[in-house]
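Okay, here's what each chain looks like letter by letter:
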Amino acid sequence: SFTPRVFSGVQPSGGLTLGNYLGAIRRFVDMQNDGIETIYCMVDLHAMTVWQEPDALRRNTRELAAGYLAAGLDPTRSILFNQSQVPEHTQLAWIFNCVARMGWMQRMTQWKDKAGKNQQNASLGLLAYPSLMAADILVYHATHVPVGEDQKQHIELTRDIAIKFNNDFGVDFFPITEPVIEGAATRVMSLRDGTRKMSKSDPSDMARINLTDDADAIANKIRKARTDPEPLPSEPEGLAARAEARNLVNIYAALSDTDLAGALREVGGKQFSEFKPMLADLAVEKLAPISTEMSRLMEQPDEIDRILGDGAARARDIAAPILAKTYEIVGL
Ligand code: ADP
Ligand code: NA
C-alpha cells in the first residue's frame, strides 16, 4: 500500500480563471492544510500542446505561481514547481507512451474538443497529453489528485496506465490514483455559454472571470452574463434546464461555501437584476485580496523563481528514485 500523497497541476496557458480557483486551487489549499503531503505543479509542458508565445508562456508561468501563492499555498508546506524543471516527468511519459494505446487517447473528450474537426493538424503532444499527465502523477506515486470534473476522464486513463504497466511487468509498482472531485463548483461554466466550461483558453474574455480582474471588470462581466428572463427558483430542480442560471447560482454557492440548495434558500425568487449585483459583490469580496497579493508578488519575479527552483529540487528528490526503479523494471 502507498503513503497518501497529493499531486495536481494547472497549465500556464493564460491568466487564472474563477474556474481554476474554485475547481482546483482553493482545494489545493484545503488539502495542504489537511496535513497530507502535497505537490503542486505549473504544467508548462502541457500548455505547449497548443501554440504559446514564448514570452507569454514565461509571464503566465510566473503569474500562475503568484496565483498559487496568493491563494494560500505555502512553499514550506507544499512543493511548488514547474513541470519542465523536473525532467523525470517527460522521461516517464515516454515509457507510458509505449504502455498506453492510441485508442485510449483518441477517446478522450478533451482531445476531441481541443483538436476540433481537423485532427490531422493538431499537435502530436495534444493527443499524448494524458500520458504525460499520468507521468506527472505517477512519478510521485501520488494517490490522490484534486481536479475539476473536466479532468475526471484523464484520471481514469492514469489508472488504466498504472494497471496495464503493473500487469505487463508483473509488479505492484504504481498506485491506482483516486480523483478528488467535490464541492459545489467542480465545474464552472462560461458566462457566455452555459454548455462550455469556463477556461483561460476561451477566446472571449467576457466568458470568464480572471483572478486578476478588477472590481469593475468583474461586475461588468457578471452584469452581461447570459441568463434567461425567469426569476430564480427556490429548489435546485428548478435549475435543471437552465444552464446559465444554474452556473451563476453555483458560483454564488461555491463562493459562500454552501451548495445549490443552500444558495437558493437565500436567493430563490429573486430576479437577475437583483441577484447579479449580489453575486458581483461577493465575487469582488472573495477575489480582491487574491488579486492584490498577486500584483505584489508579480513585482518580485526573482523571489518567485527562487521558490520554484527550491520546489523543483525537492520534487526531483522524490521523482528520481521512482524513475530509476521504473527503468530497472522495464529493462533500461
Ligand atoms: P484551463 O481549462 O483553464 O486551461 P487547466 O486545464 O489548466 O484549465 O486545469 C487546471 C485545473 O483547473 C484542473 O484541475 C481543472 O479541473 C480545473 N478547472 C479548469 N477549468 C475549470 C472549470 N471551468 N471549472 C472547474 N474547474 C476547472
Ligand atoms: Na484543460
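Residues numbered from 1 in each chain as written. Chains lettered and ligands numbered in written order. Predicted model: local features only at pLDDT ≥ 70, side-chain atom pairs only at ≥ 80, totals over all residues.

If you look the protein chain up in an unreviewed UniProt entry, it shows as Tryptophan--tRNA ligase from Pseudooceanicola nanhaiensis. Of the protein chain, the UniProt comment under Subcellular location (unreviewed entry) reads exactly: "Cytoplasm". Of the comments in the UniProt record for the protein chain, the one headed Subunit (unreviewed entry) reads "Homodimer." (UniProt positions renumbered as here; feature names shortened; annotations may be inferred.)

Novice: Can you walk me through the overall build of the protein chain in this structure?
Specialist: Of the regular secondary structure elements, the protein chain holds 13 helices and five strands. Relative to the compact-globule value of 20 Å for 332 residues, the protein chain shows a C-alpha radius of gyration of 20 Å, a close match. Expressed as lengths along the three principal axes of its C-alpha atoms, the size of the protein chain is roughly 65 × 45 × 40 Å. Going through the 332 residues of the protein chain one by one, you find that 44% of them count as buried. A separation of at least 24 residues holds for 76% of the contacts in the protein chain among residues at least 6 apart in sequence. (Helix = DSSP H or I, 4+ residues; strand = E, 2+ residues; numbered from the N terminus. Rg over C-alpha atoms; globule rule 2.2 N^0.38 Å. Buried ≥ 20, exposed ≤ 12 C-beta atoms within 10 Å, placed from the backbone. Contact = placed C-beta atoms within 7 Å.)

Novice: I'm lost on the site of ligand 1 in this one. Help?
Specialist: Taken together, 20 residues surround ligand 1, and among them Gln11, Gly19, Gly23, Ala24 and Gly148 come closest. The class makeup of the residues in the shell around ligand 1 is five nonpolar, 11 polar and four charged. (Near = placed C-beta within 6 Å. Nonpolar A, V, L, I, M, F, W, Y, C, P; charged D, E, K, R; others polar.)

Novice: Just to check I follow, could you spell out unusual backbone geometry for this structure?
Specialist: The bulk of non-glycine residues show a negative phi, and the bulk of peptide bonds are trans. Residue His141 is not a glycine yet carries a positive backbone phi of 50°. A positive phi angle, near 55°, is found at Asp257, a position not held by glycine. As for its position among the elements, Asp257 is in the loop between helix H10 (243–255) and helix H11 (260–267).

Novice: Can you help me understand the nonpolar core in this one?
Specialist: Soluble globular proteins tend to pack their nonpolar side chains together in the buried interior. Membership of the largest hydrophobic core comes to 90 residues, with the highest contact counts inside it found for Ile39, Ala65, Tyr68, Leu80, Val249 and Tyr252. The biggest single contributor to this core is helix H12 (residues 272–298), with nine residues. No fewer than three residues from each of domain 1 (5–180 + 300–330) and domain 2 (205–296) sit in this core. Other than its neighbours up to four places away in sequence, Tyr252 contacts Ala263, Val267, Leu279 and Leu282. (Core = buried A, V, L, I, M, F, W, Y, C linked by C-beta atoms within 7 Å. Domains from an automatic or database assignment.)

Novice: Quick question: what am I supposed to make of the environment of Arg77 here?
Specialist: Its place among the elements puts Arg77 in the loop between helix H3 (54–70) and strand S3 (78–82). Each C-alpha atom of the pair Arg77 and Gly262 lies 33 Å from the other, and the pair is 185 residues apart in sequence.

Novice: Quick question: what am I supposed to make of the domain arrangement of the protein chain here?
Specialist: Interfaces are often described in size by the accessible area the parts lose on coming together. With domains assigned, the protein chain is organised as domain 1 (5–180 + 300–330) and domain 2 (205–296). Here domain 1 and domain 2 have C-alpha centroids that lie 29 Å from each other. In this assembly, 10 residues from domain 1 lie in contact with 10 residues from domain 2. Mapped by element, the contributors of at least two residues to the side of domain 1 that touches domain 2 are helix H1 (18–32) and H3. A class-by-class count of the residues in the side of domain 1 that touches domain 2 yields seven nonpolar, three polar and no charged.

Novice: Any chance you could explain the pairing of strand S1 (residues 5–10) here in plain terms?
Specialist: Walk down a regular strand and you will see the side chains alternate between the two sheet faces. With five of six residues buried, S1 is to be regarded as a mostly interior element. Where S1 and strand S2 (residues 37–42) come together, six bridges link them in parallel fashion. The residue bridging Gly9 from the neighbouring strand is Cys41, located in S2. Between the parallel elements S1 and S2, the chain passes through H1 in a crossover that is right-handed. (Pairing = 2+ DSSP bridges. Right-handed = clockwise from strand over helix to strand, strands pointing away.)

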